[in-house]
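Breakdown of the fold
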Amino acid sequence: GREEEEEEEEEEKEEEDEEKAKKPLKHHLSFWSVAPQTTFSDKDGYETPISLAWDLKNNIWIVGLVMDGLLKMVKFKITGHSTFDWLESRYSKKFDKACSKQDTFTTRCFKGHTAKKRKFSVRLVASKASMWVLDRQTMLTNDGGDKLPMLQSFDLGHNKWMIGFMDKKVLRMYKIRITGPETYVWKATRFDEKYGKRCTKRETFIEACFRGENPGKGKISLGLKSHKVSVWGINFQTSISIKGGKRYRIKFALDLGNDFWIIGFFHGGYLKMMKLQILGPKKVRWLGIYFHKDADKSCLEQKTFSESCYKGEKQKDDILKANVKISQASSWSINWRSVMMSKGDKQLKIQYAFDLGSNVWIIGALDSDVLKMVKFQITGAKGFKWLDARFLKKYKKACTKRKTFAPSCFKGSKQEKKAFSVRLRATSESSWRFMSGLMMDSSITLHFDMGSNMWLLGLVDDGMLKMVKIRITRHSKSVWLGTRYSRAFGKECSAPKTFTDACFKGVDPEVNMFPVKIKAFEVFRKESKRGKGGGKGDEEDLAEEKELDKLEEEVDELVEDIEEDVKEVREASKWHVTRETEVQNPDGHFLKISMKFDLGGDIW
C-alpha cells in the first residue's frame, strides 16, 4: 500500500545519500551553531528544549527530541540568531536507540514519516560566536627557539581568532581558524614594530591592530591550546556530602571549558574540591577529589578561584558525594508586570526574582509581613509549569532586596498549587534598549531588537545600506556579532518602522567594517522601598509604579520623536561630504578630514 511505497522511497533516498557520502565533500563549515536553548512546542504552546542536534555543514542542521514515544526531527538552514529556512520534518515511532542520544545521533536517524511544516513549531536560538576558545597556555616558538607566551587574543567569530605575541620589540600577530584542541588553519600574518600601546593590552587588542609587515605564511611554530565553550552550567544549589553525612552547599564553581568543571567548599580548615564533566542534563563523569589545607586566600573567593587551586591531597572517590544541579541559560526572563494572586483574588506585583537557569525562576513579594514566593518553569510569554510555592514569616533582610534575593530565601511553609496562582508576563526581548549612536561618523537611523540584547543597527549612506549586528552589554558597550552591506535593498529596509532582521543580507566582510558607538539604557523597575508594614506603603508603591509606567511611556515617545527628527534631517540634506575632502592648514599642507556630522539642510 501507500506505507510500503513510502518505505521504498526512503530506502532509495538512503541509497542515494550513501552514494553521495562516498564522493568528496565540498561543504563549507557552518558558522552558525544551534544553541541548547532551542525548543520544540506542542499544540498547547508548551516548549521543550531539544536534546539532539547534527551539523550537516553550510549552516544546515537537524534538531530533534524524543517526545511521547516519538522521535521528532526538523531540518533547516540557519539565517540568523533566531531565523531559519525550513527544509523538512520527520517523525518516527520505530527508531534506533542510538538516535535518541546526542553522542550517537547522526544524519542516518533522519527518516520516518514526513511531517508538514506547521506540525513541529521550532523556536531557534543560534550562536555565531566561536565555539572554540584559546587557552592561555598557547605558545609561539620564534626563530631563535625562544618560547613566547600569548600576549592577547581577539575573537573574530565562527572560530576565527587573532592572536598576538611580543618578540623583543616586534608585535607578531596571526589570524587562524581553530579546528580542534591543538589544530588550526593559518589565515594571515603581520609583524608590527610601530604598534600602539592599546594593542599590547588584552582589553583593547582589536582587529584594527592587525597591521604592519606582511611576511606571508612562512614557518609557524605555534603550540595551540584551546577548548570548547561549555554548554552546561553548575547551579549553586549543588550540594556535597562527606561520606553520606551532612550536606554543604558549594561556594566555588569554575568552568574549565568543554563542560569540565571544578566545584568546592571550605570545611574543617580544608578547601575540598571535586572535578567533573557534565555529559547531559542528569549525567556527570567524576574525575577526581582533592583536599587542600593551606589554600591561598584567592582560592577562597568565587571571583578569584582558579584551576591552580585544584591541588593538595588526593582523596578516594567515595569520600565525597555530590548532588549536582545542572542548568542551561534561560531564554525567557521575567517581566516586572507579572502578578501573584492569593485567596480572594488579591493581586501582588512581584518585587523579587531569581533565575535558576533552564527557564526556572523564583519570584516573590511581601504581603502583610509574609514573604510569598513561587517557583516555576517558563514555557512561553504567558505560559509556565508550576513547581512549588512557599510562605516565609521569619525572613532575612537580604531576601527583601532585589539584588540579594537568592534561592536560599526559598523556604518556609509549603503551599498547595490551588492556594496560590501567578499571572505571568515573560519576555525573550532585550533588557538593554538602544537609544542612539554613531556608525563610523554618521548617525544610526535604523535599529531592530532581535531579543536577548542582540540588536541590528543600520543606516543608508550614498545609496548603500550598512548594517551591524551587536549584543549590548552596558550603557555604552557592545560586542560585535556581524556586518553586512548592500546596494540592492528594498524600501522597507530603509525605513525605521519596517527595518527588521530580514534586511540583514548582502556582502559579509567577516570583519567589523563599520564600528559603532552607542547609548543604551536598561529596562528595569525601581526596587520597592516597602518595609514590613503595609497600608500607606502599598499606596506609595502603587503611585510609584504608575509614575514609572508614565516615565517609560514618555521615554518611548521621546525615542520615537528623535527617530523622526533624525529621519527628517537626513532627508533634508541632498549633498554629502566624502572622505576625500581635505582642509588646508596655515602652512599650506592639506589634511584629510577624519570627522564629519550632518546638521541637515546641507549644513555640515
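Whatever comes next refers back to the structure up there.
Now for a description of the structure that goes with this document. (Residues numbered from 1 in each chain as written. Predicted model: local features only at pLDDT ≥ 70, side-chain atom pairs only at ≥ 80, totals over all residues. Heavy atoms only, no water.)

**Regarding the pattern of salt bridges**
- Counted according to the given criterion, the structure contains 7 salt bridges.
- In this structure, R90 engages E88 in a salt bridge whose closest nitrogen and oxygen atoms are separated by 2.5 Å. We note that R90, like E88, is buried.
- The closest approach of N and O atoms between R484 and D508, which form a salt bridge, is 3.2 Å. Here R484, found in strand β45 (residues 478-486), pairs with D508, found in the loop between β45 and β46 (516-522); they are 24 residues apart in sequence, far enough to count as distant.
- The buried category is assigned to R484, whose relative accessible area is 10%. (Salt bridge = Lys/Arg side-chain N within 4 Å of Asp/Glu carboxyl O. Buried < 20%, exposed > 50% of the residue type's maximum accessible area, 1.4 Å probe, protein only. Helix = DSSP H or I, 4+ residues; strand = E, 2+ residues; numbered from the N terminus.)

**Description of the sheet that holds strand β36 (residues 384-392)**
- On the basis of which strands lie adjacent, the open sheet formed by 5 strands has the order β33-β34-β35-β36-β37 and antiparallel pairing. For this open sheet the edge positions go to β33 (352-357) and β37 (413-414), each flanked by a neighbour on one side alone.
- Bridge analysis of β36 against β37 gives 2 bridges, and the strand direction is antiparallel. Opposite R390, over in β37, you have K414 as the bridge partner. (Pairing = 2+ DSSP bridges.)

**Quick word on the state of the cysteines**
- Per the counting criterion, the structure on display carries 5 disulfides.
- Disulfide partner of C199: C209, at an S-S distance of 2.1 Å. In this structure the cystine formed by C199 and C209 twists about its S-S bond by roughly -90°; its chirality is therefore left-handed. Here the residue C199 occupies a position in the loop between β17 (184-192) and β18 (222-223), and C209 occupies one in the loop between β17 and β18, the gap between them amounting to 10 residues. This pair shows no difference in class: C199 is buried, exactly as C209 is.
- Covalently, C493 is tied to C503 through a disulfide, its sulfur atoms 2.1 Å apart. Because the torsion about its S-S bond is -90°, the bridge between C493 and C503 counts as left-handed. Taken together, the residues span a long stretch of sequence, with C493 in the loop between β45 and β46 and C503 in the loop between β45 and β46 at a distance of 10 residues. Comparing C493 with C503 shows no difference in burial state: the two are buried.
- Each bonded cysteine of the chain is numbered by sequence order, and under that numbering the disulfide pairs are 1-2, 3-4, 5-6, 7-8, 9-10. (Disulfide = S-S within 2.5 Å.)

**Quick word on the side chain of K466**
- Structurally, K466 is set in strand β44 (residues 464-472).
- Only 3.1 Å separates the side chain of K466 from the side chain of D461, close enough to count as a polar contact.
- Setting aside anything within four residues of it in sequence, one finds K466 in contact with M439, L457, G458, L459, D461, R484, Y485 and F514. (Polar contact = N/O pair within 3.5 Å; in protein donor to acceptor, adjacent residues only side chain to side chain. Contact = heavy atoms within 4.5 Å.)

**So, the side chain of R90**
- Tracing the sequence through the fold places R90 in strand β7 (residues 84-92).
- Here R90 falls in the buried class, since its relative accessible area comes to 4%.
- In terms of polar contacts, R90 uses its side chain to reach the side chain of E88, at 2.5 Å.

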